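# Observations on the model geometry
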Amino acid sequence: MRKVAALAAVVTLSVGTLTACSGGDYCSELQNYAEAVKGLDIKDTAAVDKLRTEAKKLSKSAPDDLKDDWKTVLDYADKAKDAGGDTTKLTELAKNDGQKIAAASTAIAKQAKDTCKVNIEGN
């Protein structure tokens, strides 16, 4: 259960609380994504589906150097949705994909701060 909570924290950390943005559509969509995942419960399939919808938008408008990172987030969200809130499956997902999602989240957070002038809590 701790791994599920830790993975949910990683996803939430990747979007956290955003402030003013100055990078066009991508930055505006990043704000929408942050709202979609605020307080995300990874066991809530409806919330995960909302995260997936926003991640799909961002994966299309993301800068080229973040396309792979957004694909990682989207792949994770797909797997989390497929888990259907099953704690055992989510724990296994955290074990298998935790490092990849953490690295992608870090890259997204850095770009958000540097380019969009978006501060993500915890970074």
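Above this note sits the structure.
The written sequence of each chain sets the order in which its residues are numbered from 1. For this predicted model, a pLDDT threshold of at least 70 governs which residues receive local features, and a threshold of 80 or more governs which side-chain atom pairs are given and counted, while totals over whole chains, interfaces and linings are taken from all residues. Note that the side-chain values use all heavy atoms of the structure and ignore hydrogens as well as water.

This paragraph deals with the overall build of the protein chain. A tally of regular secondary structure across the protein chain gives 5 helices and 0 strands. Put simply, the protein chain runs from its N terminus to its C terminus through helices and strands in the order α-α-α-α-α. Exposure is judged per residue with a 1.4 Å probe applied to protein chains only, and the accessible area is read against the type maximum: over 50% gives exposed, under 20% gives buried, and values in between give partly exposed. The 123 residues of the protein chain split such that 41% are buried. Between two residues, a contact is recorded if the distance between any of their heavy atoms is within 4.5 Å. A separation threshold of at least 6 residues defines the contact pool for the protein chain, and within that pool the share at least 24 residues apart is 68%. Accessible surface, the protein chain: about 6500 Å² in total, of which carbon and sulfur atoms supply 49%. Working definition: helices are DSSP H or I runs of at least four residues, strands are E runs of at least two. Numbering for both runs from the N terminus. Calculation of accessible area relied on Shrake-Rupley with a 1.4 Å probe; when residues are assessed, cover is drawn exclusively from the protein chains displayed.

What follows deals with the nonpolar core. In this description, a nonpolar core means a group of buried Ala, Val, Leu, Ile, Met, Phe, Trp, Tyr and Cys residues linked to one another through side-chain atoms lying within 4.5 Å. Core analysis: the largest hydrophobic core is formed by 27 residues, its most contacted members being Y26, L30, Y33, I42, W70, V73 and A80. Looking at which element gives the most residues to this core, the answer is helix α4 (residues 67-83), with 7 residues. Setting aside its immediate chain neighbours within four residues, V73 contacts Y33, A55, I101, A104 and I108.

Running from amino to carboxyl end, helix α3 (residues 45-61) crosses α4 at an angle of 160°, the nearest separation of the two axes being 9 Å. Taken together, α3 and α4 sit at an angle that is classed as roughly antiparallel. The two elements α3 and α4 meet at a crossing, and its hand is left-handed. Residues T45, V48, D49, L51, R52, A55, K56, L58, S59, K60 and S61 of α3 lie in contact with α4, whose contacting residues are K67, W70, V73, L74, A77, D78, A80 and K81. Residue polarity is assigned by list, with Asp, Glu, Lys and Arg as charged and Ala, Val, Leu, Ile, Met, Phe, Trp, Tyr, Cys and Pro as nonpolar; anything else, Gly included, falls into the polar class. Here the residues of the contact of α3 with α4 sort into 9 nonpolar, 3 polar and 7 charged. Where helices are involved, their axes are fitted lines through C-alpha atoms of the stretch in contact, as for all axes, and angles between N-to-C directions lie from 0 to 180°. Working definition: roughly parallel below 35 degrees, roughly antiparallel above 145 degrees, roughly perpendicular at 65 to 115 degrees, and oblique for all remaining angles. Handedness of a crossing follows from how the near helix is turned relative to the far one, being left-handed for an anticlockwise turn of less than a right angle and right-handed for a clockwise one.

Attention shifts here to α3. Multiplying 1.5 Å by the helix residue count minus one yields the expected span of that helix. Taking 1.5 Å as the rise per residue, α3 with 17 residues should run 24 Å; its terminal C-alpha atoms sit 25 Å apart, in good agreement. All of the buried residues in α3 are A47, V48, L51, R52, E54, A55, L58 and S59. The N-cap of α3, judged by a side-chain oxygen 3.0 Å from the amide nitrogen of A46 a few residues on, is D44. The term polar contact refers here to a pair of N or O atoms within 3.5 Å; inside protein, the definition further demands a hydrogen-donor-capable atom paired with an acceptor-capable atom, and it admits residues adjacent in sequence only when both atoms are side-chain atoms.

Disulfide: a pair of cysteine sulfur atoms within 2.5 Å of each other. Applying the stated criterion to the full structure yields 1 disulfide. With a sulfur-sulfur separation of 1.9 Å, C27 is cross-linked through a disulfide to C116. Measuring handedness by torsion sign, the sulfur bridge of C27 and C116 sits at about -90° and is left-handed. Placement of C27 in helix α2 (residues 25-37) and of C116 in the segment after α5 (87-114) is noted, with a sequence separation of 89 residues between them. With respect to class, C27 is no different from C116; both count as buried.

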